[in-house]
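Residues per chain are reported as follows:
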Amino acid sequence: MRLTFKIRSLSGALVSLFIAFCLTACAIGGDGTVSSKPSAVAVASAHPLATQAGLDVLAQGGNAFDAAIAVAASLGVVEPYSAGMGGGGFWLLYSAKDDQYHFVDAREMAPSAADKDYYLNKDGTVNRDRATNGPSAAGIPGQAAAFAHLAGQYGKLPLAKSLAPAIKQARQGFAIDDHYRKLLSYRLEAVRRYPSSASIFLNSGQIPDVGYKLVQRDLATTLEALARAGHDGFYQGPVAQRLVTAVQRDGGDWTMEDLANYKVVEREPIRMAFGNAELISAPPPSSGGIAIAQMLQMLDLYHWQSMSEADQTHLLIEVMRRAYRDRAEFLGDPDFVDVPTAMLLDPARAHAYADSIDMTKATPSLSLKGPKNIEEGFHTTHLSVLDKDGNRVSATLSINLPFGSAYTAAGTGVVLNNEMDDFSAKPGAANAYGLVGNAANAIAPGKRPLSSMSPSMMVSDDQVAILGTPGGSRIISMVLLGLLEHQQNKPVEDWVRRKRIHHQYLPDVVEYEPGALSQALQQELKARGHTLKNVGRAYGNMQAILWDRTTNKVTAAADSRGIGSARVVSVAK
Ligand code: DON
């Protein structure tokens, strides 16, 4: 039965690669058939105030990179549960003037005191509290370094301008909404533990009411130091001193040297051709780009678009299972471990994996062999930006769990991440998402924890798609599903709206959002041997932009599961 679905041979894949070569080597635009500059700018982010901050900076003459800084800094203020100065993230950039993609890795780094046994108790068990709560859980943040790097290398405006909206929002305050209350409720106990957090984010020890004005003066001052002095304004001098003093007093091990040593790393993004389009996505230490490319490669070997819903869903589950299996075994920080990217993306591997798919029944995950690896997530943020020159940004940013480590370094307003928990604290021991990893993702001083964040673009002569989402390990399957909607020429609203299913190798279950699988489809999948689990709530918060270069129309959408806003503003002629 499988063979009836498989259509492309290795030579077909080579043709795709050849087309991709043409796509990158042949200049786009200028032939009169496609627009080289968009008719509108667009910003999609997880909060209306952050989207507005980005549009304001574009209106002041900033480019997409300045706007992205403004959006991200604002998200750090108005979504203190999600991402911010105490966290990090990945930035996928396209610079129109030289037609180049850049990937800025601003992932947190393990402090120098952290080694592979950092979270182990004397009896060898993992101290889950130290790994998730308080300053011991925090990696050295990359967000401030990313802002300085973007402004210095790619922006047109000084940081003082791009950070201004966030500084104002922090100093003057903003009204909190239900979303804030919900995310705070997940972490209330931990936030209450730290007076430096409770005094900012709670109202007399309680979750504030909707409409309560949240003012973050210390954070405003920290952002001002960055605006004034750039990178060193955060990583050296008074802000760094306050961070280190607080962390060391409250049980962490950061040193001034750890902060001074933090650097963003520019890495080659993952790039792969599919038909006449090219995927550009996050390389290690993200697992996203490789996994998405692998899944698309496998799907490309099938007529998946014309399959029945049951066959298509089964196939999606099977390709997810296989890509997540490889994630579990091979991926980690490429500065510390050899990630076999070429082997993982070799078309022969996709063919072998496709050959192992039985369209009539589920492949038990353990029959594929490999280490256990399970993960899911609740908070983090994504922003997508397109400017009038065609520059674009896809960035996914995080402090990991809602309110990160729940710890604010006194006098800085900076909520520290608990991204250290994305490492494997011990082979076989689960992290907050149930993730179990191996040596590739063991802790080492200065190492970056493996991530699922997958800021992505899919680009052809005709269309430019920019998308990403939070959601822990489900980020990867969500971005895949969004890209498949795009491949079927569905509008951008459909990419973010699509009901989600997920399989991550282990646990060997198909997770799905309420309403994602009809009763009939559930019966069909169960008959093929899949174990189904309704996760009981909607998940993800995708922010997407589409620029159709044939019509020169720009559209954007914010996931209605969140409170974000996507706005398109026509460029004045
Ligand atoms: O880097 C990662 O993969 C996680 N720290 C991301 C966490 C996340 O997306 C939580 N989500 N909603």
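Residues numbered from 1 in each chain as written. Predicted model: local features only at pLDDT ≥ 70, side-chain atom pairs only at ≥ 80, totals over all residues. Heavy atoms only, no water.

### Some remarks on the overall build of the protein
So, point 1. In terms of regular secondary structure, the protein is built from 22 helices and 20 strands.
So, point 2. For the protein, the residues scored as buried account for 63% of the 573 residues in total.
So, point 3. By sequence separation, contacts in the protein at least 24 residues apart represent 74% of the contacts at least 6 residues apart.
So, point 4. When the accessible surface of the protein is summed, it comes to about 19900 Å², and 52% of that surface belongs to carbon and sulfur atoms.
So, point 5. Separation of charge centres in the protein, based on 55 positive and 56 negative side chains, amounts to 3 Å. (Helix = DSSP H or I, 4+ residues; strand = E, 2+ residues; numbered from the N terminus. Buried < 20%, exposed > 50% of the residue type's maximum accessible area, 1.4 Å probe, protein only. Contact = heavy atoms within 4.5 Å. Areas by Shrake-Rupley, 256 points an atom, 1.4 Å probe, with all protein chains shown as cover. Lys, Arg positive; Asp, Glu negative; His and termini not counted. Charge placed at Lys NZ, Arg CZ, Asp CG, Glu CD.)

### A look at the nonpolar core
So, point 1. The biggest cluster of nonpolar side chains holds 89 residues, and the ones touching the most others in it are Leu296, Leu315 and Ile501.
So, point 2. Core analysis: the second largest hydrophobic core is formed by 85 residues, Leu58, Val71, Ile176 and Ala198 among them. (Core = buried A, V, L, I, M, F, W, Y, C linked by side-chain atoms within 4.5 Å.)

### Some remarks on the sheet that holds strand 2 (residues 88-95)
So, point 1. Strand order across the open sheet formed by 7 strands is 6-3-2-10-9-1-20, with antiparallel pairing between neighbours. Among the strands making up the open sheet, the edge pair consists of strand 6 (265-267) and strand 20 (565-570). Neighbour-to-neighbour, the strand axes of this sheet turn through a mean angle of 15°, independent of strand direction.
So, point 2. Here strand 1 (residues 40-45) runs beside strand 9 (residues 381-386); their pairing, made up of 3 bridges, is antiparallel. (Pairing = 2+ DSSP bridges. Axes fitted to C-alpha atoms, helices over the stretch in contact; angles between N-to-C directions.)

### With respect to the sheet that holds strand 8 (residues 277-281)
So, point 1. Reading across from one edge, 7-8-13-14-18-19 is the order of the 6 strands in this open sheet, with antiparallel pairing throughout. Each having just a single partner strand, strand 7 (270-274) and strand 19 (553-558) make up the two edges of the open sheet. Neighbour to neighbour, the strand axes of the sheet diverge by 15° on average, direction disregarded.
So, point 2. Direction of pairing for strand 18 (residues 543-548) relative to strand 19: antiparallel, over a ladder of 6 bridges. Considered in strand 19, the bridge of alanine 544 is made with alanine 557.
So, point 3. Of the strands in this sheet, strand 7, strand 8 and strand 13 (456-460) are in contact with helix 16 (residues 288-299), which crosses strand 7 at around 15°.
So, point 4. Sheet contacts for helix 20 (residues 474-487): strand 7, strand 8, strand 13, strand 14 (463-468) and strand 18; angle to strand 14, the most-contacted strand, approximately 160°.

### Side note on the packing of aromatic side chains
So, point 1. All told, the structure shown has 12 aromatic pairs when counted by the stated rule.
So, point 2. Residues tyrosine 194 and tyrosine 407 carry aromatic rings whose centres are separated by 5.3 Å and whose planes lie at 90° to one another, so their mutual orientation is edge-to-face. In this pair, tyrosine 194 is assigned in the loop between helix 10 (188-193) and helix 11 (195-201) and tyrosine 407 in the loop between strand 10 (392-398) and strand 11 (408-409), connecting sequence segments 213 residues apart.
So, point 3. Taken together, a centroid distance of 5.7 Å and an interplanar angle of 10° make the contact between tyrosine 235 and tyrosine 262 stacked. Pair noted here: tyrosine 235 is in helix 13 (residues 231-235) and tyrosine 262 is in the loop between helix 15 (256-261) and strand 6, with a separation of 27 residues, a long-range link.
So, point 4. Residue class for tyrosine 235 comes out buried when judged on its relative accessible area of 1%.
So, point 5. Directly above the aromatic system of tyrosine 539 lies the positively charged group of arginine 474, at a separation of 4.3 Å from the ring centroid. (Phe/Tyr/Trp six-rings, centres within 6.5 Å; stacked < 30°, edge-to-face > 60°. Lys NZ or Arg CZ within 6 Å of the ring centre and 35° of its normal.)

### Considerations on the pattern of salt bridges
So, point 1. The full count for this structure, using the stated rule, is 34 salt bridges.
So, point 2. Taking the shortest distance from any N to any O, the salt bridge between aspartate 389 and lysine 37 comes out at 3.2 Å. Taken as a pair, aspartate 389 in the loop between strand 9 and strand 10 and lysine 37 in the loop between helix 2 (10-25) and strand 1 lie far apart in primary sequence, 352 residues in all.
So, point 3. On the basis of relative accessibility, which here comes to 24%, the residue aspartate 389 falls in the partly exposed class.
So, point 4. Accessibility expressed as a relative area gives 48% for lysine 37, which makes it partly exposed.
So, point 5. Of the charged contacts, one joins arginine 171 and glutamate 224 as a salt bridge, the two residues approaching to 3.0 Å between their closest N and O atoms. Taken together, the residues arginine 171 in helix 8 (residues 164-172) and glutamate 224 in helix 12 (residues 217-229) connect sequence positions 53 residues apart. (Salt bridge = Lys/Arg side-chain N within 4 Å of Asp/Glu carboxyl O.)

### As for the UniProt feature "binding site: L-glutamate" (unreviewed entry) in the protein
So, point 1. As annotated in UniProt, the feature "binding site: L-glutamate" (unreviewed entry) corresponds to Arg107, Ser398, Ile399, Asn400, Asp422, Ser451, Ser452 and Gly472 in the numbering used here.
So, point 2. With respect to the element layout, aspartate 422 can be found in the loop between strand 12 (414-415) and strand 13.
So, point 3. One polar contact links aspartate 422 to arginine 107, side chain to side chain, over a distance of 2.8 Å.
So, point 4. Along the chain, serine 451 falls in the loop between strand 12 and strand 13.
So, point 5. For serine 451, the residues in contact, after removing those within four places along its chain, are Phe90, Arg107, Pro285, Ser286, Ser287, Gly288 and Arg327. (UniProt positions renumbered as here; feature names shortened; annotations may be inferred. Polar contact = N/O pair within 3.5 Å; in protein donor to acceptor, adjacent residues only side chain to side chain.)

### Considerations on helix 14 (residues 237-249)
So, point 1. Counted at 1.5 Å a residue, the expected span for helix 14 with its 13 residues is 18 Å, and the 18 Å between its end C-alpha atoms agrees.
So, point 2. If you check which residues of helix 14 are buried, you get Val239, Ala240, Leu243, Val244, Ala246 and Val247. Axial view of helix 14: buried residues confined to an arc of 165°, hence all on one face. Exposed residues lying more than 90 degrees from the buried face of helix 14 are Pro238 and Arg249.
So, point 3. Residues of helix 14 that are buried make contact with helix 12, helix 13, helix 15, strand 11 and strand 12.
So, point 4. Directly after helix 14, the chain includes glycine 251, whose backbone phi takes a positive value near 105°. (Expected span 1.5 Å × (residues − 1). Arc of directions from axis to C-beta.)

### Some points on unusual backbone geometry
So, point 1. With an omega of 15°, the peptide bond running from proline 284 to proline 285 counts as cis.
So, point 2. The peptide bond linking leucine 506 to proline 507 adopts the cis configuration, its omega dihedral lying at 0°.
So, point 3. By secondary structure assignment, the location of proline 507 is in the loop between strand 15 (501-502) and strand 16 (510-512).
So, point 4. Despite not being glycine, aspartate 99 shows a phi value in the positive range, around 55°.

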